Amino acid sequence: MKQGLEKKRLKENFSKEILNFFKKKKFIFTDLDLLIDTNLLTERSGEQFKKSALTYKDLLGKEISLRPDLTVSTALKYIQEKKVKEEKYCYYGSAYRLDKTGDLKVFDQLGCEIINPSNKNSSLLLIDSILEPIRKIKKLEIIIGDVGLFKILIDELDLPERWKLRLIRHFSRREYFIDLLKRLETNYDLDQVTIDVDTQRLQDLIRIDQNKIIGGRTIAEIVKRFQKKLKDPRDGYKGKLNVRIIKDYLKINLPLQKAEKTVITFFIKNKLPTKNIKNYFKKIILINKKIGKKYVISFKTDFGRNADYYTGIVFMAYTKKKSQIVELARGGEYSNLLKTLGYKKNIFALGGVINLNQLINL
């Protein structure tokens, strides 16, 4: 009981101290809704929330979920309040998620979000604001990745558009993504035999009643999909080569200051255009220049796939305790989340959280 009271006192002290720091950085404290309409999670948000949300039905039979993520709650607040300009929020609260075994996990988090920023250096401000309160943790290390760089890589590969979209869309689903690479490696559905089979299937479907429903879709919808699939010129694509490039790219792991040169060299080596990659790296270069000397920062191309709403720079701060990684903070950029939650258009946003429970345990 004494230990429990001590942790409670520590939690209160840490939360006040960190929130005061956020406020000095011009973040406005906000209370976030504890409950979220489940439809917003299951129909619009990422795959991870569909599986991890704790849901129940209210007295009217409507399905409600405990918030599994405070970034989503902040985005919903921005939408509900009909904001149109930059908002800098900070908050303190709990997120509730079911793990793979169905057990409920509670995460006490302190965080801040910048939605629709007016400052082009907002990513640096956000990352620095999250890391500064935990800077004195012993052996603190930072990982930075960038989901946007992966999209640039895929866009530059010699692949049909639908394959590019597929790889980008499912980047966060690791097991399924690996399966996609296996299919691409064998040129599954890229070879002439498969094209001939698809052509015959299309002719058979055209003869059927177009309003008939199969697998939840009308025949007309299926025909449209086949026609789009057949429009892609699919002969001559080198599946093994493209998969090898993707796998090699995702192995890059080095100090942040070496990231730009290494990635550009990688593109040149694989005969890919570098113009887009050079322009894109300006943000990472600025982060390294401003805070690179304060922390041990590594750059990993395979990092940032834990949440499928991330679209740009992602980061995590951690230390090690008895050889185990203890995650203390994480966050990233997201450009599509608000529109998927009901906002009128895509707007740039970014956020990060500090895991208060882990901080106290240290």
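Remember, predicted model here, so these are calculated numbers, not experimental data. (Residues numbered from 1 in each chain as written. Predicted model: local features only at pLDDT ≥ 70, side-chain atom pairs only at ≥ 80, totals over all residues. Heavy atoms only, no water.)

1. A few points about the environment of Phe 22
- Summarising the element assignment, Phe 22 is placed in helix α1 (residues 2-24).
- Between the alpha carbons of Phe 22 and Leu 110 there is a distance of 9.6 Å; along the sequence they are 88 residues apart.
- Residue contacts for Phe 22: discarding those within four places in its chain leaves Phe 27, Cys 90, Leu 110, Gly 111, Cys 112, Ser 129, Ile 130, Pro 133 and Ile 354. (Helix = DSSP H or I, 4+ residues; strand = E, 2+ residues; numbered from the N terminus. Contact = heavy atoms within 4.5 Å.)

2. Remarks on helix α14 (residues 282-291)
- Those residues of α14 lying buried are Ile 284, Ile 287 and Ile 291. Projected down its long axis, α14 shows its buried positions confined to an angular sector of 65°, all on one face. Along α14, exposed side chains directed more than 90 degrees from the buried face belong to Lys 282, Lys 289 and Lys 290.
- Elements that come into contact with the buried residues of α14 comprise α5 (122-131), β7 (141-146), α6 (147-156), β11 (296-300) and β12 (313-321). (Buried < 20%, exposed > 50% of the residue type's maximum accessible area, 1.4 Å probe, protein only. Arc of directions from axis to C-beta.)

3. What about the packing of aromatic side chains?
- Within this structure, the stated rule accounts for 11 aromatic pairs.
- Note on Phe 281 and Phe 299: the rings are 6.3 Å apart at their centroids and 50° apart in plane angle, and the pair reads as tilted. Taken together, the residues Phe 281 in the loop between α13 (275-280) and α14 and Phe 299 in strand β11 connect sequence positions 18 residues apart. In this structure, Phe 281 and Phe 299 share a single accessibility class: buried. (Phe/Tyr/Trp six-rings, centres within 6.5 Å; stacked < 30°, edge-to-face > 60°.)

4. Looking at the packing of helix α8 (residues 174-185) against helix α11 (residues 239-249)
- Packing of α8 against α11 leaves a shortest axis separation of 7 Å and a crossing angle of 145°. Note on element contacts: α11 touches α8 through Gly 239, Lys 240, Asn 242, Val 243, Ile 246 and Lys 247, opposite Phe 177, Leu 181, Leu 184 and Glu 185.
- When the residues that make up the contact of α8 with α11 are grouped by side-chain class, the tally is 5 nonpolar, 2 polar and 3 charged. (Axes fitted to C-alpha atoms, helices over the stretch in contact; angles between N-to-C directions. Nonpolar A, V, L, I, M, F, W, Y, C, P; charged D, E, K, R; others polar.)

5. Things to note about the sheet that holds strand β2 (residues 35-37)
- An order of β2-β4-β3 is seen for the 3 strands of this open sheet, with the pairing classed as antiparallel. The outermost strands of the open sheet, each flanked by one partner alone, are β2 and β3 (55-57). Averaged over all neighbouring strand pairs, the angle between strand axes comes to 40°, with direction disregarded.
- As paired strands, β3 and strand β4 (residues 63-66) are joined by 3 bridges and run antiparallel to one another. Across the sheet, residue Tyr 56 finds its bridge partner in β4, namely Ile 64. (Pairing = 2+ DSSP bridges.)

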